[in-house]
Amino acid sequence: MDKTPKFHRVLIKLSGEMLSAENQTGIHPKSVNYLAEEIKSIHSLGVQTVVIIGAGNIFRGISAASKGMDRVTGDYLGMLATIMNAIALQDGLEKISCQTRTLSAITVSNMAEPYIRKRALRHLEKSRILIIAGGTGNPFFTTDSAAGLRAIELGAEILIKATKVDGVFNKDPIKYKDAIKYNKISYDKVLGDNLRIMDLTAITLCKENNLPIRVFDIKQSGHLKDIVMGAKLGTLVSG
């Protein structure tokens, strides 16, 4: 395999659950440290790295709304939870000597810089890892949508969706042993078959801007680095 990274700038969408211990909630230091090492492995190659984290380990706005909480309130609580996750990951990265900046779409000036596109680009050009928190800053938009939006805004060459399953399947591989994995799949098939790898807004954004998505299992150590080097792991979603 060529020793030169295939991608110069990537955006990684991390599920919030990846920061917790197995089948638990909250933030687990061992999980944070593992993710930090995986991210460092690609940053050390000179790859400009943007990370967006979900909040499923702490709070889900949609779930809270289904139980009676106002949806807007729930979504704002979810945005705050992504900031908690981002600060935890930044701490993990800085402990292993990675210069990192957290930018937030909602104002929390004591903990994170405001998200401004030009500022974000400047951090990337200075070889800092960039963590973007607070989703889009608006209710009714998920962190998946934020990942698609920021990847396009910042000129990422690929959106890497880091999950706990190894790609896209025709049905939930955790529930169904006969689930079939796709090595490559089109945006249209994901939308048409309602395969919930990301929400429909995120997939549509990526389709309209021809931004490829690679879905893979982040728990497999070294796979993130292999993908950046050009390995065809997990599933590629493209046109």
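First things first, this report covers the structure right here in the doc. (Residues numbered from 1 in each chain as written. Predicted model: local features only at pLDDT ≥ 70, side-chain atom pairs only at ≥ 80, totals over all residues. Heavy atoms only, no water.)

1. Notes on the overall build of the protein
Where we set the bar: Here a helix means four or more residues in a row that DSSP labels H or I, a strand means two or more in a row labelled E, and each is numbered from the N terminus. Both definitions apply: the radius of gyration is a C-alpha atom measure, and the globule rule equals 2.2 Å times residues to the power 0.38. Relative accessibility under 20% of the residue-type maximum defines a buried residue, over 50% an exposed one, and the middle range a partly exposed one, all with a 1.4 Å probe and only protein chains included. Residue exposure ignores everything except the shown protein chains as possible cover, and the areas themselves are Shrake-Rupley values with a 1.4 Å probe. In this charge count, Lys and Arg are treated as positive and Asp and Glu as negative; neither His nor the chain ends contribute. By convention, charge coordinates are those of NZ in Lys, CZ in Arg, CG in Asp, or CD in Glu.
On a plain count of helices and strands, the protein comes out with eight helices and eleven strands. In terms of overall dimensions, the protein is globule-like: its C-alpha atoms have a radius of gyration of 17 Å, near the 18 Å expected for 239 residues. Seen along its three principal axes, the alpha-carbon backbone of the protein occupies a region of about 50 × 50 × 35 Å. Counting only residues that meet the buried cut, the protein has 50% of its 239 residues in that class. Carbon together with sulfur atoms contributes 51% to the accessible area of the protein, which is approximately 11,500 Å² in total. Once the 32 positive and 23 negative side-chain charges of the protein are each reduced to a mean point, those two points are 2 Å apart.

2. Concerning the pattern of salt bridges
The condition that has to hold: Counted as salt bridges are all cases of a side-chain nitrogen of Lys or Arg within 4 Å of a carboxyl oxygen of Asp or Glu.
In total, this model carries eleven salt bridges according to the counting rule given. Here Arg-101 and Glu-113 are joined by a salt bridge, their closest N and O atoms 3.9 Å apart. In this pair, Arg-101 sits in strand 3 (residues 100-104) while Glu-113 sits in strand 4 (residues 113-114), placing the two residues twelve residues apart along the sequence. When its relative accessible area of 22% is taken as the criterion, Glu-113 is described as partly exposed. Where Lys-181 meets Asp-166, a salt bridge forms, and the shortest distance between an N and an O atom there is 3.1 Å. Within this pair, whereas Lys-181 is found in strand 8 (residues 181-182), its partner Asp-166 is found in the loop between strand 6 (158-163) and strand 7 (168-169), the two being separated by 15 residues in sequence.

3. Some words on the sheet that holds strand 4
The condition is simple: Criterion used throughout: strands pair if DSSP finds at least two bridges between them.
Across the sheet, which stays open at both edges, the nine strands sit in the order 4-3-5-2-1-6-10-11-9 with mixed pairing between neighbours. Bordering the open sheet on either side are strand 4 and strand 9 (184-186), each of which pairs with just one other strand. Bridge analysis of strand 3 against strand 4 gives two bridges, and the strand direction is parallel. Counted as the bridge partner of Ser-104 is Pro-114 from strand 4.

4. Topic: the pairing of strand 11 (residues 235-238)
Burial along strand 11 is two-sided: the face carrying Thr-235 and Val-237 and the face carrying Leu-236 and Ser-238 are both buried. Inspection of the sheet shows strand 9 paired to strand 11 by three bridges, in the parallel sense. Across the sheet, residue Ser-186 finds its bridge partner in strand 11, namely Ser-238. The sheet contact formed by strand 10 (residues 213-217) and strand 11 spans three bridges and is antiparallel. Paired with Arg-214 across the two strands is Leu-236, which belongs to strand 11.

By themselves, these figures tell us nothing about what the structure is for.
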